[in-house]
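What follows is the residue order along each chain.
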Amino acid sequence: MNKFSLCILTAAAALALPALAAGQAAPTGNVANGKRLFEKQNCYYCHGTGGQGGRDGARIAATALNVQAVIRYVRQPTGGMPAFTDKIISDQELTDIYAYLKSLPAAKAPKDIPLLDQLREK
Ligand code: HEC
């Protein structure tokens, strides 16, 4: 390795470290593939096409869980969700789904939805 490439590496590491320290290192998931898998693996069937939640599944769009927690949950769910082993869906595929879920908008507060806002006592 020459001095130049060493310098580039050091600079890259220096840029990456603060993001890691802040816990913001975005998982390297592929959003488009995650969306495809979310549909292919039928996650959408219970959680809604946009992860907004449905009759059976919880809202998981913009989940507050981190990627490890989501993978752990999908492997060993605690509630009414069926388990998905790594034969059915790999960790990398779940990381893609995670990136997709994180790309979705979070739920709006009732006050930000005009019809619901009208129902609030003021
Ligand atoms: C048969 C319906 C069903 C399918 C299919 C399904 N889920 Fe779920 N999922 C649920 C239910 C129900 C819960 C809530 C469990 C409970 O608390 O009872 C849940 C919970 C979750 C949670 C935890 C939410 C939280 O904040 O605690 C995650 C993450 C999740 N599902 C991801 C997925 C992914 C990813 C897939 C596709 C690989 C998937 N689910 C497929 C029904 C389903």
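Conventions we followed
- Residue positions are counted from 1 within each chain, in the order its sequence is given.
- Side-chain atom pairs in this predicted model are given and counted only at pLDDT of 80 or more, local residue features only at pLDDT of at least 70, and totals for whole chains, interfaces and linings cover all residues.
- Side-chain metrics rest on all non-hydrogen atoms present in the structure, leaving aside hydrogens and water.
- Here a donor is any nitrogen, oxygen or sulfur atom (N, O, S) within 2.8 Å of the metal, with 3.2 Å used for Na, K and Ca; water is not among the atoms considered, so some sites may look incomplete.
- By the criteria applied here, four donors are tetrahedral when all angles lie between 85 and 135 degrees, four are square planar and six octahedral when opposite donors are over 155 degrees apart and every other angle lies between 65 and 115, and any other arrangement is irregular.
- A helix here means a DSSP run of H or I that spans at least four residues, while a strand means a run of E at least two residues long, and both kinds are numbered starting from the N terminus.
- To sort residues, take the accessible area from a 1.4 Å probe on protein chains only and compare it with the maximum for the residue type: under 20% means buried, over 50% means exposed, and anything in between is partly exposed.
- Salt bridge, as applied in this entry: a Lys or Arg side-chain nitrogen positioned within 4 Å of an Asp or Glu carboxyl oxygen.
- Whether a residue is near a molecule or strand depends on its heavy atoms: if one lies within 4 Å, it is near.
- We define a polar contact as two N or O atoms separated by no more than 3.5 Å, with the added condition that, inside protein, one atom must be a possible hydrogen donor and the other a possible acceptor, whereas residues neighbouring each other in sequence contribute only through side-chain atom pairs.
- The way it works is a 1 Å grid over only the protein atoms, where trapped points that fit a 1.4 Å probe form a cavity and open points with protein on both sides within 12 Å along at least five of seven lines form a pocket, and then any residue with an atom within 4 Å of a point lines it.
- Assignment of a molecule to a cavity or pocket requires that more than half of its atoms lie within 2 Å of the corresponding grid points.
- Gly is placed with the polar residues, together with every amino acid not listed as nonpolar (Ala, Val, Leu, Ile, Met, Phe, Trp, Tyr, Cys and Pro) or charged (Asp, Glu, Lys and Arg).
- Grid points are joined across faces, edges and corners, and a volume is the space filled by probe spheres set on the points.
- Each axis is a line fitted through C-alpha atoms, taken for helices only over the stretch in contact, and angles between the N-to-C directions span 0 to 180 degrees.
- Roughly parallel here means an angle under 35 degrees, roughly antiparallel means over 145, roughly perpendicular means 65 to 115, and every remaining angle is called oblique.
- A contact between two residues is defined here by any heavy atoms of the two lying within 4.5 Å.

Participant: Looking at this structure, I do not really get the coordination of the iron atom of the ligand. What am I missing?
Facilitator: Where a metal carries four tetrahedral donors, each ideal angle is 109.5 degrees; where it carries six octahedral donors, the ideal angles are 90 or 180 degrees. Protein coordination at the iron atom of the ligand comes from His-47 (NE2) and Met-81 (SD), with a distance range of 1.9 to 2.0 Å. Taken together, the six donor atoms coordinating the iron atom of the ligand span angles of 87 to 179° at the metal, a pattern that classifies the geometry as octahedral. Here His-47 is found in helix α3 (residues 43-47), whereas its partner Met-81 is found in the loop between α4 (67-75) and α5 (91-103), with 34 residues between them in sequence. What makes Met-81 partly exposed here is its relative accessible area of 22%.

Participant: How do you make sense of the pattern of salt bridges when you look at a structure like this?
Facilitator: Close approach of charged atoms allows side chains of opposite charge to pair. This model, assessed by the stated rule, comprises five salt bridges. Note that Asp-56 and Arg-55 form a salt bridge whose closest N and O atoms lie 3.4 Å from each other. Looking at Asp-56, the relative accessible area reads 49%, which means it is partly exposed. Taking the shortest distance from any N to any O, the salt bridge between Asp-91 and Arg-75 comes out at 2.7 Å. A residue pair is termed long-range when its members are at least 10 positions apart, and Asp-91 in helix α5 and Arg-75 in helix α4 qualify at 16 residues.

Participant: What should I look at first to understand the environment of Gln-68 in this one?
Facilitator: Here Gln-68 shows up in helix α4. Here Gln-68 falls in the partly exposed class, since its relative accessible area comes to 49%. With 26 residues separating them along the chain, Gln-68 and Leu-94 place their C-alpha atoms 9.5 Å apart.

Participant: When you look at the site of the ligand in this model, what are you seeing that I'm missing?
Facilitator: Near the ligand there are 17 residues, and of these Cys-43, Cys-46, His-47, Asp-56 and Met-81 occur at the shortest range. At 2.8 Å from a nitrogen atom of the ligand is found a side-chain nitrogen or oxygen belonging to His-47. A distance of 3.3 Å separates an oxygen atom of the ligand from a polar backbone atom of Gly-80. Here the ligand is seated within the largest pocket. Elements with a contribution of two residues or more to the shell around the ligand: α3 and α4. Across the shell around the ligand, the residue classes tally to 11 nonpolar, five polar and one charged.

Participant: I would appreciate a short explanation of the layout of surface pockets in the present structure.
Facilitator: Over the atoms rolls a probe the size of a water molecule, and in doing so it shows where empty space is left. In this structure, the largest pocket occupies an estimated 500 Å³ of space. The wall of the largest pocket is formed by 23 residues, among which His-47, Ile-60, Tyr-73, Val-74 and Met-81 lie closest to the centre. Those elements that place two or more of their residues in the lining of the largest pocket are α3, α4 and α5. For the lining of the largest pocket, a count of residues per class yields 16 nonpolar, six polar and one charged.

Participant: Just checking my understanding: could you explain the packing of helix α2 (residues 31-40) against α5 for this structure?
Facilitator: Taken N-terminus to C-terminus, the directions of α2 and α5 make an angle of 100°; their axes are 7 Å apart at the nearest point. As summarised for this structure, α2 and α5 are arranged roughly perpendicular, according to the angle between their axes. Side by side, α2 and α5 meet where Val-31, Asn-33, Gly-34, Lys-35, Leu-37 and Phe-38 of the first sit next to Glu-93, Asp-96, Ile-97, Ala-99, Tyr-100, Leu-101 and Ser-103 of the second. For the contact of α2 with α5, the class distribution of residues is seven nonpolar, three polar and three charged.

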